[in-house]
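Here is how the chains run, residue by residue.
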Amino acid sequence: HHVRLRRIDPIPDGTTDALGVICNRLGRWPHVTVRDALKKLYGFCSDYPGIRHPGNPAAKLRELEYRDAILISLLLLSFSGYLSSEVKMEETLAL
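S.K.: Give a detailed account of the overall build of the chain, specifying residues and quantitative values.
M.R.: Regarding its fold elements, the chain presents four helices and zero strands. Walking the chain from its N terminus toward its C terminus, one meets helices and strands in the order α-α-α-α. Burial status across the chain gives 25% buried among its 95 residues. Excluding contacts between residues fewer than 6 apart, the proportion of contacts in the chain whose partners are at least 24 apart in sequence is 49%.

S.K.: Any chance you could break down the pattern of salt bridges for me, citing the residues and the numbers?
M.R.: According to the stated counting rule, one finds five salt bridges in the structure shown. Where Arg35 meets Asp36, a salt bridge forms, and the shortest distance between an N and an O atom there is 3.1 Å. Of the charged contacts in the structure, one is a salt bridge between Glu63 and Lys60, with a shortest N-O distance of 2.6 Å. For Glu63, a relative accessible area of 37% puts it in the partly exposed group. Three or more residues joined by partner-sharing salt bridges are found here, namely Arg62, Glu65, Arg67 and Asp68.

S.K.: A description of the nonpolar core should follow, citing residues and the corresponding values.
M.R.: Cys23, Trp29, Leu38, Leu76 and Leu83 are the most contacted members of the largest nonpolar core, which totals 15 residues. Among the elements of the structure, α1 (19-25), α2 (32-47) and α3 (66-83) are those that each provide at least two residues to this core. Of the residues forming this core, the biggest block, four residues, is contributed by α3. Look past the residues within four positions of Leu38 in its chain and what remains in contact with it is Leu19, Cys23, Trp29, Leu76, Phe79 and Leu83.

S.K.: So, the packing of aromatic side chains: which residues are in play, and what are the values?
M.R.: Evaluated as defined, the whole model comprises three aromatic pairs. Pairing Phe44 with Tyr48 gives two aromatic rings, centres 5.4 Å apart and planes at 50°, and the pair type is tilted. For Phe44, a relative accessible area of 24% translates into the label partly exposed. Through a chain of ring-to-ring contacts, the aromatic side chains of Trp29, Phe79 and Tyr82 assemble into a single cluster.

S.K.: Any chance you could break down α2 for me, citing the residues and the numbers?
M.R.: For α2, which comprises 16 residues, the first-to-last C-alpha distance of 22 Å matches the rise-based estimate of 22 Å (1.5 Å per residue) to within 8%. Within α2, the full set of buried residues consists of Leu38, Leu41, Cys45 and Ser46. The arc enclosing the buried residues of α2, seen along the axis, measures out at 145°, which places them on a common side. Summarising the contacts, the buried residues of α2 are in contact with α1 and α3.

S.K.: Can you break down the packing of α2 against α3 residue by residue, with the values?
M.R.: Following both chains from N to C, one finds α2 and α3 inclined at 130°, their axes separated by 11 Å at the closest point. In terms of orientation, α2 and α3 fall into the oblique class. Here α2 runs over α3; the crossing is left-handed. Touching Val34, Ala37, Leu38, Leu41, Phe44 and Cys45 of α2 are Ile72, Leu75, Leu76, Phe79, Tyr82 and Leu83, all from α3. Across the contact of α2 with α3, the residue classes tally to 12 nonpolar, no polar and no charged.

What counts and what doesn't
- Residues numbered from 1 in each chain as written.
- Predicted model: local features only at pLDDT ≥ 70, side-chain atom pairs only at ≥ 80, totals over all residues.
- Heavy atoms only, no water.
- Helix = DSSP H or I, 4+ residues; strand = E, 2+ residues; numbered from the N terminus.
- Buried < 20%, exposed > 50% of the residue type's maximum accessible area, 1.4 Å probe, protein only.
- Contact = heavy atoms within 4.5 Å.
- Salt bridge = Lys/Arg side-chain N within 4 Å of Asp/Glu carboxyl O.
- Core = buried A, V, L, I, M, F, W, Y, C linked by side-chain atoms within 4.5 Å.
- Phe/Tyr/Trp six-rings, centres within 6.5 Å; stacked < 30°, edge-to-face > 60°.
- Expected span 1.5 Å × (residues − 1).
- Arc of directions from axis to C-beta.
- Axes fitted to C-alpha atoms, helices over the stretch in contact; angles between N-to-C directions.
- Parallel < 35°, antiparallel > 145°, perpendicular 65-115°, else oblique.
- Left-handed = near helix turned anticlockwise from the far one by under 90°.
- Nonpolar A, V, L, I, M, F, W, Y, C, P; charged D, E, K, R; others polar.

Here it is in structure tokens:
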């Protein structure tokens, strides 16, 4: 059984640049590896067939499963705190 991940809406501040460019502009990262992890995750969402674009079928190793959708969604949600100071992580993650 496979699932399709939903596209995440653009950043609410109206920025239209690609996420990688936005990541490079932000000074909120505790380490370059954290920034690069989000860029790679976004790259996955762009490259995997059917998530955001037709993608690259040759790069697909297997069909997505529910666990993939849950994990990737949680990772993207967690990164949202770096992308906007408007995000209240305690409320978003129900802490």
